[in-house]
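# Per-entry structural report
One-letter residues, chain by chain:
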Amino acid sequence: MKIIKAKTAGFCFGVDRAVKLTTELAKNGHKVATLGPLIHNPQCVAELEALGVVTAGTLADVPEGYELVIRSHGVPRSVYDQIEAAGIECHDATCPFVAKIHRIARKASEEGAALLVAGDAAHPEVQGIVGHTDGEVFVFSDLSQLEGWQGPETPEKPVFVVAQTTFQVTKWQECAAFIKKGYTNAKIFDTICSATEERQEEAFRLSCENDAMLIIGGRQSSNTAKLK
């Protein structure tokens, strides 16, 4: 049997950065808690827990005296304010690609624009993005949901469009094309992570070239689901 391993297999840059940061802190004797599972991979989370890392569901669950790691998915602006108010030492492992979307969301708010987010409304990354704008927001998971949007509250309001970093590339392309036709003044930011795009392309190619294919990853992982 011939087995071909994808060249792009493994952690993306943002997750690798977060895992290394958390591991180094724990190994250097720091008491560390992560806000939610650091990565949607139970085996990796178990390895971190073996080093003493605590997974906190909320800020109230962070044990006293522990330092907090914000995972690569990022968090809403309000969570930063709560961390500061609680006096918790914080290490921000938000993926730089996600942080870029946060800046776009804030800019949309400053310019009075409606923010359209392509992604899963229940995913922590999308919740974090939405939490960085004070203005009008609409989250859609596919073209059919986007077609149901009635447009901005006022016709003259500008429109900003971003995508969850792990959004499916083909879906994003058809949604972006629809927006360009209906809202000629929309500012569309292609925020899908390059590693995500490369993996999805390779997964499709390998699935066409082989008799069977395995996707190895956490069942709760957006990356894994999109590859499948």
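The following refers to the structure shown. (Residues numbered from 1 in each chain as written. Predicted model: local features only at pLDDT ≥ 70, side-chain atom pairs only at ≥ 80, totals over all residues. Heavy atoms only, no water.)

It is worth spelling out the sheet that holds strand β1 (residues 32–35) at this point. Here we have 4 strands laid out as an open sheet, ordered β2-β1-β3-β4, and parallel in their pairing. The open sheet terminates on both sides in strands that have one partner only, identified here as β2 (54–56) and β4 (90–92). Recorded for the sheet is a direction-independent mean angle of 30° between the axes of neighbouring strands. The sheet contact formed by strand β3 (residues 67–70) and β4 spans 3 bridges and is parallel. Its bridge partner being in β4, Leu68 is matched across the sheet by Cys90. Against the sheet, helix α3 (residues 77–86) makes contact with β1, β3 and β4, and its axis sits at roughly 170° relative to β3, the strand it touches most. (Pairing = 2+ DSSP bridges. Helix = DSSP H or I, 4+ residues; strand = E, 2+ residues; numbered from the N terminus. Axes fitted to C-alpha atoms, helices over the stretch in contact; angles between N-to-C directions. Contact = heavy atoms within 4.5 Å.)

Ranked by size, the top nonpolar core spans 16 residues in total, and within it Leu116, Phe140, Val161, Trp172 and Ile179 carry the most contacts. Listing elements by their share of this core, those giving two or more residues are β5 (114–118), β7 (159–163) and α7 (169–182). The greatest single-element share of this core, amounting to 4 residues, is contributed by α7. Excluding residues within four positions of it along the chain, Trp172 makes contact with Ala118, Val161, Val162, Ala163, Phe167, Ile188, Phe189, Asp190 and Ile192. Membership of the second largest hydrophobic core comes to 15 residues, among which are Val19, Ala26, Cys44 and Leu48. (Core = buried A, V, L, I, M, F, W, Y, C linked by side-chain atoms within 4.5 Å. Buried < 20%, exposed > 50% of the residue type's maximum accessible area, 1.4 Å probe, protein only.)

Before going further, it helps to examine the state of the cysteines. Here the structure, examined in full by the defined rule, presents 0 disulfides. Here Cys95 stays free of any disulfide, with the sulfur of Cys193 as its closest cysteine sulfur at 6.0 Å. (Disulfide = S-S within 2.5 Å.)

To continue, consider the pairing of β7. Taken across its 5 residues, β7 has 5 buried, putting it largely inside the fold. Relative to β7, β5 runs parallel, the two sharing 5 bridges. Looking across to β7, one finds that Ala114 is bridged to Val159. In terms of strand pairing, β7 meets strand β8 (residues 187–188) through 2 bridges, oriented parallel. Each bridged residue has a counterpart across the sheet, and for Phe160 the counterpart in β8 is Lys187. Read as a crossover between parallel neighbours, the route from β7 over α7 to β8 is right-handed. (Right-handed = clockwise from strand over helix to strand, strands pointing away.)

On to the pattern of salt bridges. Inspection of the entire model under this criterion finds 8 salt bridges. In this structure, Lys187 engages Glu111 in a salt bridge whose closest nitrogen and oxygen atoms are separated by 3.8 Å. You can see Lys187 sitting in strand β8 and its partner Glu111 sitting in the loop between α4 (96–110) and β5, a full 76 residues away along the chain. Residue classification places Lys187 among the partly exposed positions, given a relative accessible area of 39%. Here Glu209 ties to Arg205 by a salt bridge, and the two come within 3.2 Å at their closest N and O atoms. Here Glu209 and its partner Arg205 are both found in helix α8 (residues 194–209), 4 residues apart, which amounts to about one turn of the helix. Owing to a relative accessible area of 37%, Arg205 belongs among the partly exposed residues under this scheme. (Salt bridge = Lys/Arg side-chain N within 4 Å of Asp/Glu carboxyl O.)

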